[in-house]
Amino acid sequence: MTAPACPACTGQWPPAGQRIADCGATVAYLHDDQFFAGWTVLVLKRHATELWQLAPAERAALIEEVARVARAVGTAFDAVKLNYELLGNQIAHIHWHLIPRRADDPAPTAPVWTVAHAPRGLDAAGTAARIARIRSHLDA
Ligand SMILES: [Zn+2]
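To keep things clear, this report deals only with the structure shown in the data block. No experiment lies behind these values; they were computed from the predicted model shown. (Residues numbered from 1 in each chain as written. Predicted model: local features only at pLDDT ≥ 70, side-chain atom pairs only at ≥ 80, totals over all residues. Heavy atoms only, no water.)

**Looking at the overall build of the chain**
Short version of the rule: Every helix listed is a DSSP run of H or I at least four residues long, and every strand listed is a run of E at least two residues long, numbered separately from the N terminus. Our radius of gyration is a C-alpha quantity, and the globule rule it is checked against amounts to 2.2 Å times the number of residues to the power 0.38. Type-normalised accessible area, obtained with a 1.4 Å probe on protein chains alone, sets the label of each residue: buried when under 20%, exposed when over 50%, and partly exposed for intermediate values. In this analysis, two residues are considered to be in contact whenever any of their non-hydrogen atoms come within 4.5 Å of each other. Note that accessible areas follow from Shrake-Rupley with a 1.4 Å probe, and for residues the cover is restricted to the protein chains shown. When charges are tallied, Lys and Arg are placed among the positive residues and Asp and Glu among the negative ones, while His and the ends of the chain are skipped. For the purpose of locating charges, the reference atoms are NZ of Lys, CZ of Arg, CG of Asp and CD of Glu.
Counting its secondary structure elements, the chain contains two helices and five strands. In summary, the chain has a C-alpha radius of gyration of 15 Å against a globular reference of 14 Å for 140 residues, a match within 12%. Judged by the C-alpha coordinates and their principal axes, the chain covers about 45 × 35 × 30 Å. Every one of the 140 residues in the chain was classed for burial, and the buried ones make up 41%. Within the chain, contacts between residues separated by at least 24 positions form 58% of all contacts whose residues are at least 6 apart in sequence. Of the roughly 7600 Å² of accessible surface on the chain, 57% is carried by carbon and sulfur atoms. Here the chain contributes 13 positively and 13 negatively charged side chains, and the mean placements of these two sets differ by 3 Å.

So this is what it looks like as structure tokens:
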């Protein structure tokens, strides 16, 4: 019996066209749902499902990358607060959701998962614009 293929390890997810940057131990992608503008996912390059499976130096590098990308995303989208979510219930491969919460947030005290909304996809130009906006803050 073989384990089911991991979508993050087989290139099925996230979509390559949503890649923002190679950050070192991780790769950042624009999330499919842009209802919360700038929502980014940061995916560990190698397969692991739990933080305790990482060696201390790798875990430290991961959290540094989380902080670096969160700062860029938060600055790019004028976040009042960043949400950091590491779940893995649906895709069991370490990936952080970095979600800017803005002043116009419809439910500022609620987790995004409980905010009822139609997922907001972007066309190619809209996706490219958001990716460029985040990239411009990554090295600033
Ligand atoms: Zn994986």
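That was the structure; now back to the text.
**A word on the pattern of salt bridges**
Threshold: Whenever Lys or Arg places a side-chain nitrogen within 4 Å of a carboxyl oxygen from Asp or Glu, that contact is recorded as a salt bridge.
This structure, assessed with the given rule, holds four salt bridges. The partner of Arg46 in a salt bridge is Glu58, and the shortest N-O contact between them spans 2.8 Å. A residue pair is termed long-range when its members are at least 10 positions apart, and Arg46 in the loop between β3 (40-44) and α1 (56-76) and Glu58 in helix α1 qualify at 12 residues.

**Re the coordination of the zinc ion**
We count it as follows: Ligating atoms shown are N, O and S within 2.8 Å of the metal, or 3.2 Å for Na, K and Ca, and water is not included, meaning a site may look less than complete. Any site counts as irregular unless it has four donors with all angles between 85 and 135 degrees, making it tetrahedral, or four or six donors with opposite ones more than 155 degrees apart and the rest between 65 and 115, making it square planar or octahedral.
Protein-derived ligands of the zinc ion are Cys6 (SG), Cys9 (SG), His47 (ND1) and His93 (ND1), with the metal-ligand distances lying across 2.0 to 2.2 Å. The coordination sphere of the zinc ion comprises four donor atoms, whose angles at the metal cover 104 to 118 degrees; the geometry is tetrahedral. Coordination of the zinc ion draws on donor residues from a single chain, spaced C-x2-C-x37-H-x45-H in sequence. Residue Cys6 is found in the segment before β1 (19-22), and its partner His93 is found in the loop between β4 (81-86) and β5 (95-101); the two are separated by 87 residues along the sequence. Its relative accessible area of 13% is what places Cys6 among the buried residues. Look at His93 and you get buried, because its relative accessible area is 2%.

**Regarding the pairing of β5**
Stated precisely, the cut-off is as follows: Between any two strands, pairing holds if DSSP finds at least two bridges.
Taking burial as the measure, the seven residues of β5 include seven buried ones, the bulk of the element. Neither face of β5 is exposed, since His95, His97, Ile99 and Arg101 on one face and Trp96, Leu98 and Pro100 on the opposite face are all buried. Summarising the sheet, β3 and β5 pair through four bridges and their orientation is antiparallel. Paired with Leu42 across the strands is Trp96, a residue of β5. Bridge analysis of β4 against β5 gives six bridges, and the strand direction is antiparallel.

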